[in-house]
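Here is how the chains run, residue by residue.
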Amino acid sequence: GYYLKTIKTIEAQLSVKDTETSTVVNRLFLLVNPAWRDASSFGFFASKQAQRDILDRYETTYAVDQFVVRGQKCSILKVWPHDWCVFASNLPYDKNENGDTTSDKPGASNFLGSFPERPPYEVLDGLVREALEQKRKV
């Protein structure tokens, strides 16, 4: 729909030709929309076209997302050319059985793993579960 037409319009405007050679000049094209993660972000009817025209055409060069998994703040980070990295940290209001905060370094994150593709929620859940089990053993 609308977004696909808008992106094609922007691409046409960026397709500047060199006056001497009549070839298209390569330019950086930065597409930023945190809601566009996969084909389902575009709705049922536009999902196939969005997958083909946007998601499959451009490589993710930088992305960050944060959410809560099993009471832990979970962050995933992609910085080209590296893999997706997963980090977890305690939420600032977490307390242990003594009533103390669970982290001596508020905001400190623990690296949980890296993946060549964006890991699905099930993988993140498993990583956080394993990290919590390791923390309980210590």
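Everything here concerns the structure above.
Owing to the predicted nature of the structure, the values given are computational and were not obtained by experimental measurement. (Residues numbered from 1 in each chain as written. Predicted model: local features only at pLDDT ≥ 70, side-chain atom pairs only at ≥ 80, totals over all residues. Heavy atoms only, no water.)

Trainee: Pulling in residues and values, what's your account of helix H2 (residues 47-55)?
Mentor: Within the sequence span of H2, burial applies to Ser47, Ala50, Asp53 and Ile54. Down the axis of H2, the sector holding all buried residues measures 140 degrees, keeping them to one side. Those residues of H2 that are exposed and angled more than 90 degrees off the buried face are Lys48 and Arg52. (Buried < 20%, exposed > 50% of the residue type's maximum accessible area, 1.4 Å probe, protein only. Helix = DSSP H or I, 4+ residues; strand = E, 2+ residues; numbered from the N terminus. Arc of directions from axis to C-beta.)

Trainee: Please provide a residue-by-residue account of the nonpolar core, values included.
Mentor: Proteins that are soluble and globular tend to have nonpolar side chains buried together. Ala63, Val69, Cys74, Ile76, Trp84, Val86, Ala88, Leu112, Leu124, Leu127, Val128 and Leu132 form the largest nonpolar core, which has 12 residues in total. Elements represented by at least two residues in this core include exactly strand E1 (62-69), strand E2 (72-79), strand E3 (84-90) and helix H3 (121-137). Sort the elements by how many residues they give to this core and H3 lands first, with four residues. Setting aside residues up to four positions removed in sequence, leucine 124 forms contacts with Phe67, Val69, Cys74, Ile76, Val86 and Pro119. (Core = buried A, V, L, I, M, F, W, Y, C linked by side-chain atoms within 4.5 Å. Contact = heavy atoms within 4.5 Å.)

Trainee: Give a detailed account of the sheet that holds E1, specifying residues and quantitative values.
Mentor: Taken in spatial order, the four strands make up an open sheet running E1-E2-E3-E4, and their pairing is antiparallel. Two strands lie at the open edges of the sheet, namely E1 and strand E4 (110-115), each paired on one side alone. The sheet shows a mean angle of 20 degrees between the axes of neighbouring strands, taken without regard to direction. Judged from the eight bridges that link them, E1 and E2 form a sheet pairing that is antiparallel. (Pairing = 2+ DSSP bridges. Axes fitted to C-alpha atoms, helices over the stretch in contact; angles between N-to-C directions.)

Trainee: Describe in detail unusual backbone geometry, supporting the description with residues and values.
Mentor: In this structure, proline 81 follows tryptophan 80 across a cis peptide bond, with omega equal to 10 degrees. Inspection of the secondary structure assignment puts proline 81 in the loop between E2 and E3. With a phi close to 50 degrees, arginine 70 is a non-glycine residue in the positive phi region. Mapped onto the secondary structure, arginine 70 falls in the loop between E1 and E2. Of the residues examined, arginine 70 reaches a relative accessible area of 44% and is grouped as partly exposed.

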